[in-house]
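Here's the letter readout for the chains.
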Amino acid sequence: MIICPYCDFNNPTEHKFCQSCGSPLQLWRALILPGTPSVVLAVDQGAMASGDGPSSGPSDSPSDSGNSGDSDNSDIEIWQQVATNVMAPMAAATMSYTAGDWLSSQQRYRLIEDLTVPTDDPKPVEAQVMDTKPNDLASSLVEQRYQFFPIDWEPQSEQASDQAKDLCFPLMAYPYLALHRRFFPSVPELQNAWVHSDYSVLIIEDRRHLPDLLTVWQQATLDPLQQVHSFYVMVELWEAMAAFKGQGSLLNISNLCMDEDQIVCLRCIEMGPYLNDYRLADMGLLWQSLLQSSSQSLPDLKTLAAQVTEGQLTDLDELKEVLVAIADKYQLGADISPAISEVSSNPNLLGDLDIPGLEGIELTDDTGMDSIDSPTMVLPMKLTGLEDAGQSHVGQQRDHNEDNYFIQSALSRQETLTTQTLNARCAYILCDGMGGHSGGEIASQLAVDTLRQYLDEQWGPELPDEAELLHAIGLANQVIYDKNQAEERTGSARMGTTLVMLLVKGTQAVAAHVGDSRLYRYTKRLGLQQITVDHEVGQREIKRGVEPAIAYARPDAYQLTQALGPCGQDALDPGFNYLNLTEDTLLLLCSDGLSDDRLLETHCSTHIEPILRGHKGIEEGVADLIELANEHNGHDNITALVVKLKVKPDLSKLQSI
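Residues numbered from 1 in each chain as written. Predicted model: local features only at pLDDT ≥ 70, side-chain atom pairs only at ≥ 80, totals over all residues. Heavy atoms only, no water.

Colleague: Any chance you could explain the overall build of the protein chain here in plain terms?
Modeller: Looking only at helices and strands, the protein chain has 20 helices and 25 strands in total. Burial analysis of the protein chain (657 residues in total) assigns 53% to the buried set. Contacts in the protein chain between residues far apart in sequence, at least 24 positions, make up 72% of those at least 6 positions apart. (Helix = DSSP H or I, 4+ residues; strand = E, 2+ residues; numbered from the N terminus. Buried < 20%, exposed > 50% of the residue type's maximum accessible area, 1.4 Å probe, protein only. Contact = heavy atoms within 4.5 Å.)

As structure tokens, this is what we get:
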């Protein structure tokens with residue numbers, strides 16, 4: 001039985017949603033590894049409580065946040081200890097648990113099944129567990145990765161030694177953190193990890209429900225181009241695993257599966273045996289087995305697999321180029337071409353983790369990883385789901401609401417026995433008004449009405465280009481400007497409004513903005529990103545080359561440099577961003593009443609991530625964001641529009657050979 005953490009209802013184990021309240025039951029996979037090779041880490045609790053950097057100002061990149069610590073433990077060759085198979089002593093006794101037991105003293109993860117840990121066996125043991133505190137701020141280690149820092153701990157007593165154990169972090173968990181940003185969903189998410197007695201515990205995604213890769217390959221519906229893409233992903237993973245001696249993760253066929261979006265995934269990262277020197281030819285043998293199981297394999301893929309197996313092709317960059325060439329040769333209608341990865345290049349994926357003992361392990365350009373010259377394979381995507389919601393609140397200190405918003409969603413679904421496609425044409429407009437004598441709400445309403453009318457009359461079958469958007473925004477600006485002139489408003493009495501507008505067409509989107517109302521994007525792979533850049537004095541100075549600390553030391557740093565209405569068309573300079581949706585995405589439009597004081601960045605794991613995951617309904621999620629802003633800000637009007645989009649590869653566009 002699974003006890004629902006929301007209503008305490010006892011659910012049968014086969015259900016993923018509570019049969020009483022309908023809440024999702026968060027099941028995870030626990031990996032228990034005998035031995036305790038680890039480093040002593042602390043988490044900067046102050047950064048978690050207050051947020052990183054100044055209370056407001058320019059957004060910091062993730063690598064700038066948190067406490068990086070002082071890496072004084074570089075002489076401790078922890079990874080080398082593991083690499084030579086020198087493990088910590090293990091107890092002789094076997095440890096047993098029964099279903100319903102807690103897996104740790106924190107009483108968060110409850111076992112769904114019986115578990116026996118034979119500590120004299122080096123192989124990891126796995127069990128299914130349930131997270132009974134799904135809304136805990138510390139629910140995702142990936143969200144906290146920049147707040148870890150190593151500490152130099154020299155316990156002077158047995159009690160101090162016990163405290164050190166509480167701060168130990170399993171070394172085997174590091175690859176999950178290091179590889180998540182670039183390789184999720186192929187690499188499973190690590191939710192938690194700790195060292196307990198004589199073994200280490202990792203809590204990762206439970207992927208038992210996903211079909212084995214071999215099973216999928218045996219199906220006649222698997223498109224040949226998908227085979228090319230699968231091999232390409234496996235080559236990239238092979239590169240990434242090399243630093244950890246983890247290539248065996250790709251050689252165990254039962255460890256390979258395929259997710260709902262037909263992406264090759266690992267069930268876990270298998271670290272060992274650590275003295276093995278894995279050969280690319282071993283993966284060639286696996287490829288040949290997969291190709292033999294398929295009834296419609298590409299001849300060029302069979303030739304390539306044979307070359308890899310025989311050692312004729314050993315350069316990974318060359319191998320990826322051949323795979324891209326095969327896809328291009330057959331011209332199956334896919335958008336596949338050499339391109340720069342959306343993730344910024346970082347020659348050392350471990351560098352930002354600041355892990356003592358791993359300083360000598362670098363994923364450099366010698367391996368071809370993250371190189372902007374590496375060929376990248378991109379599959380066409382289709383929209384499979386779209387939900388949206390909006391809400392506005394006057395806040396805690398204002399007597400009227402000058403914000404305004406508009407949502408228009410046009411959705412049509414096409415479904416057959418084998419395919420399902422969602423056509424979407426949606427518009428989202430958010431304005432934050434300003435100006436004396438009720439001017440703010442008038443300006444924001446005029447902007448919304450003008451833009452809505454323009455889109456109804458002029459928006460064609462494709463997303464508008466920048467010239468069309470500039471014309472539409474110019475019309476809105478002119479309407480407000482003319483009213484200011486007609487009413488002879490001057491100075492602070494001149495009405496105006498900010499604007500952030502999002503248009504969605506299928507898996508493409510465009511955002512336009514004026515002022516400091518923002519658009520954020522959240523995905524599991526990239527985390528929370530601020531898409532728009534505020535039009536304010538501080539950001540203007542940064543663009544001129546002024547250091548951010550100096551730019552935001554100005555008393556007028558947060559004064560707007562752009563708004564609709566106060567000035568004529570010549571002074572208008574909107575910002576534009578075109579987005580390509582390649583994974584499940586949450587888009588958030590908000591006024592500064594919600595974004596001030598880095599509120600979203602600080603509370604991303606509790607208020608944004610659960611909406612995308614489906615752990616929280618979109619209407620409930622927007623209401624929670626408004627409540628959060630009222631609790632921590634409340635000095636201004638608060639408006640939030642949330643758009644949740646689900647996508648997957650569009651194999652219907654791949655013409656079969």
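Colleague: Could you clarify how one ought to interpret helix α7 (residues 224-241) in this entry?
Modeller: Helical periodicity: at 3.6 residues per turn, an α-helix aligns residues three or four positions apart in one direction. Spanning 18 residues, α7 covers 26 Å between terminal C-alpha atoms, matching the ideal 26 Å at 1.5 Å per step. Across the 18 residues that make up α7, a large majority, 18, are buried. (Expected span 1.5 Å × (residues − 1).)

Colleague: Quick question: what am I supposed to make of the pattern of salt bridges here?
Modeller: Pairing is possible between side chains of opposite charge, provided their charged atoms come close. Evaluation of the coordinates by the stated rule reveals 23 salt bridges. Lys320 is paired through a salt bridge with Glu239; the nearest N and O atoms lie 3.2 Å apart. Of this pair, Lys320 sits in helix α11 (residues 316-330) while Glu239 sits in helix α7, and the two are 81 residues apart along the sequence. Exposure class is identical for Lys320 and Glu239. Each is buried. For Arg518, the salt bridge goes to Asp534, with nearest N and O atoms at 2.7 Å. (Salt bridge = Lys/Arg side-chain N within 4 Å of Asp/Glu carboxyl O.)

Colleague: For this particular structure, what's the right way to read the packing of helix α12 (residues 439-458) against helix α13 (residues 466-486)?
Modeller: Each pair of packed helices gets described by two things: the angle between the helix axes and the distance between those axes. Between α12 and α13, the least distance of the axes is 9 Å, while the angle of their chain directions is 145 degrees. Judged by the twist between their axes, the crossing of α12 over α13 is right-handed. Contacts between α12 and α13 pair Ile442, Ala443, Leu446, Ala447, Thr450, Leu451 and Tyr454 from the former with Glu468, His471, Ala472, Ile473, Leu475, Ala476, Val479, Ile480 and Lys483 from the latter. Looking at the contact of α12 with α13 residue by residue, the classes come out as 12 nonpolar, 2 polar and 2 charged. (Axes fitted to C-alpha atoms, helices over the stretch in contact; angles between N-to-C directions. Left-handed = near helix turned anticlockwise from the far one by under 90°. Nonpolar A, V, L, I, M, F, W, Y, C, P; charged D, E, K, R; others polar.)

Colleague: Would you mind showing me how to read the side chain of Thr532 here?
Modeller: Summarising the element assignment, Thr532 is placed in the loop between β22 (527-530) and α14 (537-543). Owing to a relative accessible area of 0%, Thr532 belongs among the buried residues under this scheme. One polar contact links the side chain of Thr532 to the main-chain amide nitrogen of Leu519, over a distance of 3.1 Å. (Polar contact = N/O pair within 3.5 Å; in protein donor to acceptor, adjacent residues only side chain to side chain.)

Colleague: Got a minute to help me understand unusual backbone geometry in this structure?
Modeller: Residues other than glycine predominantly adopt negative phi, and peptide bonds predominantly adopt the trans conformation. In this structure, the amide linkage connecting Phe184 to the following residue, Pro185, adopts the cis form with an omega of 15 degrees. Along the chain, the position of Pro185 falls in the loop between α5 (174-183) and β11 (190-196). Not every positive phi belongs to a glycine, and Asp597 is a case in point at roughly 60 degrees. Inspection of the secondary structure assignment puts Asp597 in the loop between α16 (592-595) and α17 (599-602).

Colleague: Looking at this model, I keep getting lost on the environment of Leu451. Mind explaining?
Modeller: Within the secondary structure, Leu451 sits in helix α12. On the basis of relative accessible area, Leu451 is assigned to the buried category, the value being 1%. Between the C-alpha atoms of Leu451 and Met501, which are 50 residues apart in sequence, the distance is 9.3 Å. Apart from residues no more than four positions distant in its own chain, Leu451 is found in contact with Ile429, Ala472, Ile473, Ala476, Leu499 and Met501.

Colleague: Would you explain the pairing of strand β20 (residues 508-514) in this entry?
Modeller: Consecutive side chains along a regular strand alternate between the two faces of the sheet. The element β20 is largely enclosed, with a buried count of 6 among its 7 residues. Taken together, the 7 bridges between strand β19 (residues 499-505) and β20 define a ladder with antiparallel strand orientation. Its bridge partner being in β20, Val500 is matched across the sheet by His513. The turn linking β19 back onto β20 is made up of 2 residues, and Gly506 within it adopts a positive phi angle of 65 degrees. (Pairing = 2+ DSSP bridges.)

Colleague: Help me understand the packing of aromatic side chains, please; the structure alone is not making it clear to me.
Modeller: We describe a pair of aromatic rings using the distance from one ring centre to the other and the angle between the two ring planes. One pass over the full model with this rule turns up 4 aromatic pairs. When the ring of Tyr109 is compared with that of Trp194, the centres are 5.8 Å apart and the planes differ by 20 degrees; the resulting orientation is stacked. You can see Tyr109 sitting in strand β6 (residues 109-111) and its partner Trp194 sitting in strand β11, a full 85 residues away along the chain. Judged by its relative accessible area of 13%, Trp194 falls in the buried class. (Phe/Tyr/Trp six-rings, centres within 6.5 Å; stacked < 30°, edge-to-face > 60°.)

Colleague: Explain the side chain of Asn192 here, please?
Modeller: Note on placement: Asn192 falls in strand β11. Accessibility expressed as a relative area gives 17% for Asn192, which makes it buried. There is a polar contact of 3.2 Å between the side chain of Asn192 and the side chain of Tyr109.

Colleague: For this particular structure, what's the right way to read the nonpolar core?
Modeller: Nonpolar side chains tend to gather and get buried jointly when the protein is soluble and globular. Membership of the largest hydrophobic core comes to 57 residues, with the highest contact counts inside it found for Tyr176, Phe231, Met234, Trp287, Leu301 and Leu304. Counting residues per element, this core draws most heavily on α7, at 11 residues. With residues near it in sequence (within four places) discarded, Tyr176 still touches Leu31, Val187, Pro188, Leu190, Leu202, Ile204, Cys268 and Ile269. (Core = buried A, V, L, I, M, F, W, Y, C linked by side-chain atoms within 4.5 Å.)

Colleague: Can you walk me through the sheet that holds β22 in this structure?
Modeller: The 5 strands lie next to each other as β15-β25-β24-β21-β22, forming an open sheet whose pairing is antiparallel. Pairing within the sheet leaves two strands with one partner each, and these edge strands are β15 (381-393) and β22. Across the sheet, the axes of successive neighbouring strands diverge by a mean angle of 15 degrees, strand direction being ignored. Two strands pair when backbone bridges link them, and strand β24 (residues 585-590) and strand β25 (residues 638-649) are joined in this way by 6 bridges, in the antiparallel orientation. Following the sheet pairing, Leu589 is matched in β25 by Leu641. Each of β15, β24 and β25 is contacted by helix α20 (residues 618-632), which is oriented at about 40 degrees to β15, the strand it contacts most.

Colleague: Please explain the pairing of strand β21 (residues 518-523) as it appears in this structure.
Modeller: In terms of burial, β21 is largely enclosed, as 6 of its 6 residues are buried. Alignment of β21 against β24, held across 5 bridges, turns out to be antiparallel. What sits directly across from Tyr520, in β24, is Leu588. Judged from the 4 bridges that link them, β21 and β22 form a sheet pairing that is antiparallel. Counterpart to Tyr522 in the pairing with β22 is Leu528. Two successive antiparallel strands, β21 and β22, enclose a turn made up of 3 residues.

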